[in-house]
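Summary of the model geometry
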Amino acid sequence: MSYVEKHLISGETIQYQTNLHWIVLLGHAGLSAFFVAAGIALLVFSWDERRSAESHSGALIWIALAAFAVAAILLGVGLLKRSATEIALPNKRVIVKTGLASRRTVEILLPRIESIAVEEPAMGRLLGYGTVIVRGTGGTPEVFEKIAHPLEFREQVQSQIAAVQKPA
């Protein structure tokens with residue numbers, strides 16, 4: 001059960017959920033690819049060394065395995081960071097939870113939202129990510145970067161605010 005599902009208040013249902021865009025993995029994937037390439041190069045070099053009966057080939061194999069382990073750890077950290085972020089829109093508030101070991105949560109009641117802005121760089125428009133800035137009444141703006149489908153998120157928030165403000 002997710003953080004958002006565990007912390008819904010009475011009468012609240014999730015209307016929309018999104019997460020971080022896969023672009024947040026780009027740096028981790030790039031570093032992982034570097035370490036994998038280095039590991040492969042070391043293995044190839046150690047294989048060449050074995051042909052010439054050098055004694056350094058065993059150490060090169062261990063260094064190559066360490067490079068593969070570092071690559072796996074880096075990629076795992078990126079995946080964990082992405083999956084540890086939850087962005088949800090129940091029918092009464094906006095909830096954003098980031099972090100796993102140390103957690104940061106932001107919860108803003110829909111009637112208290114003054115404005116919601118979206119900033120999309122050119123690459124973000126092409127790939128579908130952007131920065132969402134939620135400003136509550138009297139509060140500082142909350143900035144959430146590299147959100148998947150930020151315009152859809154803004155539209156969903158605006159429609160929920162309209163539904164809350166409509167008399168029953």
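This section reports on the structure supplied with the text. None of the values given here were measured: they were computed from a predicted structure.

Moving on to the sheet that holds strand β2 (residues 86-90). Hydrogen bonds between backbone atoms are what pair the strands of a sheet, whose relative direction is either parallel or antiparallel. Spatially, four strands are ordered β1-β2-β3-β4 in an open sheet, and the strand pairing comes out antiparallel. The two strands at the open ends of the sheet, each matched to only one other strand, are β1 (14-18) and β4 (104-109). For this sheet, the mean angle separating the axes of adjacent strands, direction not counted, is 15°. Looking at chain direction, β1 and β2 are connected through four bridges and run antiparallel. In the strand pairing of β2, I14 is matched with P90.

The next thing to look at is the pairing of β2. Regular strands place their side chains on alternate faces of the sheet. The buried count for β2 comes to five of five residues, which makes it a mostly enclosed element. Alternating residues of β2 divide into E86, A88 and P90 and I87 and L89, and every residue in both groups is buried. Across three bridges, β2 lies against strand β3 (residues 93-98) in antiparallel orientation. Within β3, the residue paired with E86 across the bridge is K97.

A word on the pattern of salt bridges. This structure, assessed with the given rule, holds four salt bridges. Residue K97 is joined to E86 by a salt bridge in which the shortest nitrogen-to-oxygen separation is 4.0 Å. Highlighted residues: K97 in strand β3 and E86 in strand β2, separated in sequence by 11 residues. Taking relative accessible area as the criterion, K97 reaches 7% and is therefore assigned buried.

We now examine the sheet that holds strand β6 (residues 129-136). Strand order across the open sheet formed by three strands is β5-β6-β7, with antiparallel pairing between neighbours. In this open sheet, the two edge strands, each paired with only one partner strand, are β5 (113-119) and β7 (141-148). The sheet shows a mean angle of 20° between the axes of neighbouring strands, taken without regard to direction. Contacting β5, β6 and β7, helix α5 (residues 150-165) runs over the sheet at an angle of about 165° to β5.

Take the layout of surface pockets next. Size it by volume and the largest pocket reaches roughly 230 Å³. Among the secondary structure elements, those contributing two or more residues to the lining of the largest pocket are β3 and β7. When residues of the lining of the largest pocket are assigned to their parent elements, the largest contribution, five residues, is made by β7. Here the lining of the largest pocket is composed, by residue class, of seven nonpolar, two polar and four charged.

Turning our eyes to something else, we now look at the pairing of β7. Two strands pair when backbone bridges link them, and β6 and β7 are joined in this way by six bridges, in the antiparallel orientation. What sits directly across from R135, in β7, is P141. In textbook terms, the turn of a hairpin is the stretch between consecutive antiparallel strands, and for β6 and β7 this stretch comprises four residues, one of which, G138, has a positive phi near 70°.

This part is about unusual backbone geometry. One non-glycine residue, K146, lies in the positive phi region at around 55°. Secondary-structure assignment places K146 in strand β7. A relative accessible area of 34% places K146 in the partly exposed class.

On to the nonpolar core, then. Membership of the largest hydrophobic core comes to 21 residues, with the highest contact counts inside it found for V94, L110, I113, V132, V134, F153 and V157. Elements that contribute at least two residues to this core include exactly β2, β3, β4, β5, β6, β7 and α5. Non-local contacts of I113, meaning those with residues more than four positions away in its chain, are made with V94, I108, V134, R135, G136, V157 and I161.

What counts, and where the lines are drawn
- Residues numbered from 1 in each chain as written.
- Predicted model: local features only at pLDDT ≥ 70, side-chain atom pairs only at ≥ 80, totals over all residues.
- Heavy atoms only, no water.
- Pairing = 2+ DSSP bridges.
- Helix = DSSP H or I, 4+ residues; strand = E, 2+ residues; numbered from the N terminus.
- Axes fitted to C-alpha atoms, helices over the stretch in contact; angles between N-to-C directions.
- Buried < 20%, exposed > 50% of the residue type's maximum accessible area, 1.4 Å probe, protein only.
- Salt bridge = Lys/Arg side-chain N within 4 Å of Asp/Glu carboxyl O.
- Contact = heavy atoms within 4.5 Å.
- 1 Å grid on protein atoms, 1.4 Å probe; cavity = no way out; pocket = protein on both sides within 12 Å on 5 of 7 lines; lining within 4 Å.
- Points joined across faces, edges and corners; volume = space filled by probe spheres on them.
- Nonpolar A, V, L, I, M, F, W, Y, C, P; charged D, E, K, R; others polar.
- Core = buried A, V, L, I, M, F, W, Y, C linked by side-chain atoms within 4.5 Å.

By themselves, these figures tell us nothing about what the structure is for.
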